[in-house]
Structures are given as C-alpha cells and as structure tokens.
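Secondary and tertiary structure notes
Chain residues, written in single-letter form:
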Amino acid sequence: MDIRTTGGPATAEEMAAVDGLLGEPESLWEGGERRASDDHLAYGGRATRSRRHLLLPVLHAIQDRSGWVSRGALEYACRRLSIPPAEAYGVVSFYARFGLQPRGALSLHVCDDIACKCSGAEELCAALENAHGPSGVVWHRSPCLGLCDRAPAALVERAGMQHKDRQIAPFTLAQAESILGGGAWPEPATYSMPRQAQPKLLRRIGAVDPESLESYRLHGGFTALGRAEVIGSDAVIREITESRLLGRGGAAFPTGRKWESVAKAAARPHYLVCNADESEPGTFKDRVLMENDPFAIVEGMAIAALATGCEKGFLYVRTEYPLARRRIENAIAQARAQGILKLEIEVRRGAGAYICGEETALFNSIEGKRGEPRNKPPFPVDVGLFGKPTLVNNVETLLNVVDIVVEGGASFAATGTKDSTGTRLFCASGHVTRPGIYEVAMGTPLRALLDTAGARKVQAVLLGGAAGSFLTPDQIDVPLSFEGTRAIGATLGSGAVLVFDDTADMKQVLLRIARFFRDESCGQCVPCRVGTKRQEEILERMLGGRDGDGRSDVLLLSDIAQAMRDASICGLGQTAANAIASGLTQLKVLNV
C-alpha cells in the first residue's frame, strides 16, 4: 500500500531545489521518469537508505527556495532519500527553522531573549505588533540570535533562487519598516573587540583578514599543524594532556583524556565533530571566532583529527549564523585548495534547536533524525556519530589546541589555576557600557571582568547563561574558575556573563528563561517535557500576582526541579531549573 501525505505534489521549483543538492533522479523509484527497467528492477536497500543524513541539507534547500516546506516537497524528498514520510515529518516539525505553513518570501526574526530585553526588544516587538500584527505572520519573535553584544538583534531572510540571509544588530524600528517595505538591508557590522590587556586567543581578531589564507599564514597560521605533523599523534596528545585543558563547552571534561580514548578506539572510521551550535542566551563567542578567525578553527580541527585518527570532520553551526557559516566554508575551501588541509570537513547547518548543542542530539541531527539526546553509556568516544568513535569539541576548545601545540602543554598550564588552566573567553552583555568578548586568565575575579566591561549598578549577574545561576553583588568577587564557581554553587557554563542593573525587572527575566526552556525541551523524556511546562505555569502564577499560596508554589517548584535534575535524559532538563531556583532564592523577587 502506497501511503502518501496530503497537500498535492511538489512544485517544479521544490523539485529543482532537492535535485540541485542530490543530483537528478535516475529512476522512477527516486521520483524520476519511468524507464523500462523500472518495471523489473527496484532501486533501494541499504545504499539508498544510507543517504538519510542528507535530510537536513535537503530541507534547508527547500526552505531557502520556497520559504517553507510543503507536504508535496517533503514527500518528494522522502522518495529521493528513501525515508518514510512519517519519519521525515517528525524531523521537519522538530526544528524551529522550518515552516510547515506558507510564508512570504521575506522573513524577519526579531530576538526577544534576555540580553535584547535589556536593550528595548520588548518595545520594538510591541511597535511591530501594533503596525504589522502579531508575531508569526509578517515578522517572528525569536530566541537568542547570538548578537547579545549589539542588542537588540534581528535576522532577515529572503527565499528564492538567490536565497539571502543576514544578521542585523543593533536593530531599530526604522530598519524593520524599511526591510518590510522592500528597502535595502543594512550591511553587517564589523566586530569591534573591547580593549583588553594582551589577549591570546583573540590576538588575530582585527589583525587578520578572515577571508584570506595568506593573511592568516602571515600571522603564524598553520604553524601548529606543521609541528603536529612532525611530532606525531602520540606527542600531540601528550601535550594536550599536559596542558590540563578542560573542555570549554560547559561540561569541563579533560580534553586530553577524551582525545586519547578516541585515538585508542578500535572501531573504524573515527569522526570529528566541532560543536558550533552556540544557542545559549547570552553567549556569542563562537560566532565572533568563526566570523573573525575561521582559519584557526580549521587548523584546530585538522590537528585534532591527526591526533585521534579521524577520517572525516563535521562542523555543526547554527543556522542563525550565516556570516560565520560562509567564512568557515571559505576557510575550508582555501585550505584544501592549497593542499594544507587533508581532512574532509563538512559544514552542517543547524535548524533552530538549542538541544542540538548536546552532543548526542547533535549526532542525531547530522544523521537526519530528530535532535533528541541519547542515553549514556555508550559514550561518544566509543559509539558516537553513525555508531562510530567520535571526538566532539567546541570552537573555543579547538582554538586553544593551536597554541598548545606550538608553545607546549606546560606553558599553557602555567596560566590560570591548578585545576583550571589557561585563559577563558567570557561574553559580557546586558547592562554594561562595553559589551563584547573578554579573555581573562582562569581564576580572575568576576569583579575585575565587570569593571573592565563597564558594569552599571549591579542588581544581579547571570553567570553561565540560561542554564547557569544568578549571583548577587556580594558574590561577584568569585574567581572565574571551575573550582571557584563550584564552591558557591554556580558554574562557568558557556561563558555568558549577563549583567542586570537596578532598573531590570527580574520577574520578567525569570519568566523569559522559563519560556526559553519550555520552548527548547525536545519532549523526549517526561521529566523535562512536563517539568519545563509546569515550571513556566507556576512562575506565571507567582510572578503575575494571581491568587495562590506563594510558599507552596516555591516548594512545588523545588520538587519539580529535583525531578528534572534526577530523571531527565540530558543536561537541558537537568539544568532547566538552575537559574529559576537561584533567582527566587538569591534575588528574593518574591516575599514568601
């Protein structure tokens, strides 16, 4: 029985978008013209199903061309990739990027997340709603776009043969009216790095042309890769281990131990994944690095692959970072053309799902599935992408590798503290006069960072992003190290430092965080799916002044938080209540 979705056949334009990525169909079984042999020979099996991992790129091709994914287009994609339509629908409906209803060619996404709220995003959205109707028709409210240093921010896209997308920040109502009226789009702003003493990881930003391989090489580029090739994989892993570098993605796992585990794994092939799906509100360091120092990231990936025996690499970048994606792709192409890069690196574009920052959810996304986390064990170093040993590092971690290979692990370990070596990038935003990325030695007091960034009269600091914790003014002398923040029940997390002055409405901030986690829960496990929803409902009742017993609500929130921490499959559910709990207790936004 041939089960089909409703909605009519794919249009010629939609079919062209799919065929442009996959090539022309060769048989009736793929959606092509009938041939005599098609009545006697079926094309399919494992070879055809093995292309499932191309589902997200195909969906992007359809969306870029048409502005949405129709049922007919989805069915055609399923025929080309030999995927059951029900499974493909589960994938396309999972990601916020893809539209399942007709949209106009022009799509405007306006960020209303925490940092942008501090810079007038709510007033901007209210004006757009008054002029153009509610979000979801002409314009759309969006979670964090990773432009917190230039808030408020927007992303504008135009579907068609010449698909175009661009981030705009700071974004104004006048710009919105011009864009919606068919006017020209503002050019993307050049990143202006805040002045800071002797940056190391950031030293090339502003000095190197991010689109020129020669410019990168003039500043010492690919020296580290050359040394790695000379000393060999074992020596590289020894240097990384001696550096005591901990992963900069939030989990703080020893990088050397992870590399050694992948290198020793017997199964083949090995895969390398650079996790650039930076979606934590208040975090934008990966965007700045990819836009301004892309060749260094490519070099870090090449060294990691050499050391661990990875045959192929994937760089998974969020779809909201169009300039970063283009510059990384350009850097890969130039390095391969010059024969410097031997590793095959494929840039994969995310589709609007915070959960895909979790490594196993990211694997599922690359494989063409819903971005839902997997149970551990088995761990990625043994069974990762496509079921093979996989090394996963984030952008900042790989950038550190370049310097460690050149200067040695001992030199790296000499900076910072005993348990937190090296420097760390922090994203300062909110109520600061000099927002941006700051590089400080691990162990530097938070107060020093806030003073450098020009923090105003501090009411609270959200450290680590939406999954982090609120700190009060009497806690801002905490050392910025893994052990220092752990001692006060906080975390460095993604490196976000969101500052709120005495004018901030912390009730609205807490509600926005609760809404963020409710939206971003993948829904796979009950504790997170139900817990994030109930957390938001209880907060709305408590902070909205509705009738209820405030003390009982606080206890109920505590019980829900404990259930999510104990029983959620992944870190999203386990940390979804952290900021809410610390906000209610530390900031005393309620008199209960």
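Throughout this description, residue numbers start from 1 for each chain and increase along the sequence as written. pLDDT decides what is reported in this predicted model: residues at 70 or higher carry local features, side-chain atom pairs at 80 or more are listed and counted, and totals for whole chains, interfaces and linings draw on all residues regardless. Each side-chain value is worked out from all heavy atoms of the structure, with water and hydrogens disregarded.

1. A closer look at the pairing of strand 7 (residues 344–349)
- When strand 6 (residues 310–317) meets strand 7, the two strands line up parallel, connected through six bridges. Each bridged residue has a counterpart across the sheet, and for phenylalanine 314 the counterpart in strand 7 is glutamate 346.
- After leaving strand 6, the chain enters helix 15 (residues 322–337) and then returns to the sheet as strand 7, a path that is right-handed. Any two strands with at least two DSSP-identified bridges between them are counted as paired. Only DSSP runs of H or I with at least four residues qualify as helices, and only runs of E with at least two residues qualify as strands; both kinds are numbered from the N terminus onward. Looking down the strands as they point away from you, a crossover is right-handed if its path from the first strand over the helix to the second goes clockwise.

2. Description of the pairing of strand 8 (residues 390–394)
- Think of it in three bands: with a 1.4 Å probe and only protein chains considered, a residue is buried below 20% of the maximum accessible area for its type, exposed above 50%, and partly exposed in between. Burial within strand 8 is extensive, with five of its five residues counted as buried.
- Pairing of strand 5 (residues 270–276) with strand 8 involves five bridges; the strand directions are parallel. Across the sheet, asparagine 275 pairs through a bridge with asparagine 394, a residue of strand 8.

3. Things to note about the packing of helix 3 (residues 55–66) against helix 5 (residues 85–92)
- Where helix 3 contacts helix 5, the axes come no closer than 11 Å and their chain directions differ by 70°. On the basis of the axis angle, helix 3 is roughly perpendicular to helix 5. The two elements helix 3 and helix 5 cross, and the hand of that crossing is right-handed. For the pair helix 3 and helix 5, the contacting residues are Leu55, Leu56 and Leu59 in the first and Ala88, Val91 and Val92 in the second.
- Side-chain classes follow a simple rule in which Ala, Val, Leu, Ile, Met, Phe, Trp, Tyr, Cys and Pro form the nonpolar group, Asp, Glu, Lys and Arg form the charged group, and the remainder, Gly included, forms the polar group. Here the contact of helix 3 with helix 5 is built from residues that sort into six nonpolar, no polar and no charged. All axes here are fitted lines through C-alpha atoms, helices being fitted over the stretch that makes contact, and every angle between N-to-C directions spans 0 to 180 degrees. Convention used here: angles under 35 degrees read as roughly parallel, angles over 145 as roughly antiparallel, angles from 65 to 115 as roughly perpendicular, and any remaining angle as oblique. Helix crossings get a hand from a simple test, with the near helix turned counterclockwise from the far one by less than a right angle marking a left-handed crossing and a clockwise turn marking a right-handed one. Throughout, a contact is declared for two residues whenever any of their heavy atoms are within 4.5 Å.

4. So, the sheet that holds strand 1 (residues 106–111)
- Taken in spatial order, the four strands line up as 2-1-3-4 in an open sheet, and their pairing is mixed. With partners counted over all chains shown, the strands left at the sheet margins are strand 2 (139–142) and strand 4 (164–168), one partner each. On average, adjacent strands in this sheet sit at an angle of 20° to one another, irrespective of strand direction.
- Note: strand 3 (residues 154–158) against strand 4, five bridges, orientation antiparallel. Directly across from leucine 155, in strand 4, lies its bridge partner glutamine 167.
- Helix 15 rests against strand 3 and strand 4 of the sheet, and its axis sits at about 120° to strand 4.

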